Amino acid sequence: MNVTVKRHQLKDRARTMEARLQHFEDTAARQNGTLKRHETWRHEYASFPYLLGAPDDRLCSRFKDVFINQTELNSDAKIGPLPIGEEHDFMPKFTHLLEEYGLRTGGHPPSEVIAAARAPAVKYFENGEPIATKIFQGYAAPTTPFTVKYGRREFLEPMLRTGRLRICPASYYNDVSHNAAVKDDEIHRTFFIPTFRERLKGIHHMVFQGHRIEYGDDDIVVPVEAPDYFLLSLCDSIYYRMPTDFDADAALIIREPTKFAQRVISAFLARYSDWKPHYGPVTYYDPYRDYTKMRVHQMSKHFGYAYQREVRIVMEALRTPRQTLQPEFFDIGPMGDYAELLLA
């Protein structure tokens with residue numbers, strides 16, 4: 001349910017947040033200008049409570065996204081929080097959400113929101129230990145950079161043996177038949193611009209390039225769309241949640257990732273010369289905070305998927321394709337000299 005935030009609610013919450021801001025500034029003044037780490041994050045949010053006017057369902061989705069990214073399935077088959085300070089540390093965002101829920105519920109998120117956030121972790125243990133413990137048991141990972149392709153044995157074995165692989169259009173991943181980890185709208189990106197300050201003043205529209213845009217009791221929703229493109233996804237390391245997420249019983253370890261990417265791109269361009277390749281790690285953007293972070297649409301993804309640490313090969317059309325894109329098969333030659341297959 002999309003429960004929007006009305007002006008009177010905004011006023012009450014804004015007053016509370018102003019008091020929170022003053023509290024942390026007073027605390028810092030008593031402590032020679034310093035705050036504890038969690039207090040710094042809370043002060044940061046009180047300074048600009050960007051979620052103040054977000055509808056309840058969007059806040060719920062954000063909590064689930066942050067929760068799943070702040071937890072990790074380790075090699076001992078245990079779920080635990082990521083260490084604070086890691087590159088993909090989500091604790092500041094998590095703390096911001098606690099502050100916002102403090103305004104809305106007086107405490108933690110509703111029990112149903114917490115239950116929904118925890119639900120994905122249950123899946124890893126449905127059949128006992130996560131399947132990743134079988135796949136990677138006793139395996140010593142390469143000490144140099146490598147990538148991993150998670151998948152089914154029947155597909156990865158011929159890929160290793162002959163180099164035959166499938167590259168799908170981005171639109172393929174929006175199929176409703178895919179599970180939650182695979183299904184994603186790779187064509188559209190959506191950003192949100194907070195409007196709580198304007199709405200507190202009774203303003204519910206903006207004028208952009210001569211056009212009046214009504215946003216009512218919501219933040220401004222900015223959709224961004226890209227033409228369809230081809231996409232091949234990998235991971236930048238071994239992560240124990242990935243096999244379960246991708247319904248995989250095997251992992252292809254690619255010890256020379258640049259060599260692999262070059263072969264894939266060369267095979268594609270030999271067939272379709274008027275396409276532009278991209279290769280590298282995905283940039284994960286926060287739809288409420290990273291308006292300028294998405295420099296290449298095809299190489300960017302919503303931060304809810306950040307735990308996947310994706311590396312991707314993208315082929316972008318320089319001219320609009322005449323036909324709807326379909327999965328394509330390519331042969332890049334045997335991979336045995338620079339890759340190995342691990343099985344459950």
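Scroll up a little and you will see the structure.
Heads up: these notes are all about the structure in this document.

**Some words on the environment of Y291**
Here Y291 shows up in the loop between β12 (283-285) and β13 (300-302). Y291 sits 26 residues away from A317 along the chain, and the two C-alpha atoms are 24 Å apart. Contact partners of Y291, with chain neighbours within four places excluded, come to F191, F192, I193 and P194. In this structure the side chain of Y291 is engaged in a polar contact, spanning 2.8 Å, whose partner is the backbone oxygen of F192.

**Focus: the pairing of strand β7 (residues 211-214)**
Alignment of strand β6 (residues 205-208) against β7, held across four bridges, turns out to be antiparallel. Note on β7: the bridge partner recorded for F208 is H211. Hairpin connection between β6 and β7: a loop of two residues separates the two successive antiparallel strands, and Q209 in this loop has a positive phi of roughly 50 degrees.

**Comments concerning unusual backbone geometry**
Even without a glycine there, the phi angle at Q209 is positive, about 50 degrees. Secondary-structure assignment places Q209 in the loop between β6 and β7. Even without glycine at this site, R309 takes up a positive phi of about 45 degrees. Locating R309 in the fold gives a position in the loop between β13 and β14 (310-317). Take R309: its relative accessible area is 9%, and that puts it in the buried class.

**Details of the state of the cysteines**
Going through the model one piece at a time under the given rule, you end up with zero disulfides. Its sulfur unpaired, C168 is 16 Å from the next cysteine sulfur, which belongs to C235.

About the criteria used
- Residues numbered from 1 in each chain as written.
- Predicted model: local features only at pLDDT ≥ 70, side-chain atom pairs only at ≥ 80, totals over all residues.
- Heavy atoms only, no water.
- Helix = DSSP H or I, 4+ residues; strand = E, 2+ residues; numbered from the N terminus.
- Contact = heavy atoms within 4.5 Å.
- Polar contact = N/O pair within 3.5 Å; in protein donor to acceptor, adjacent residues only side chain to side chain.
- Pairing = 2+ DSSP bridges.
- Buried < 20%, exposed > 50% of the residue type's maximum accessible area, 1.4 Å probe, protein only.
- Disulfide = S-S within 2.5 Å.

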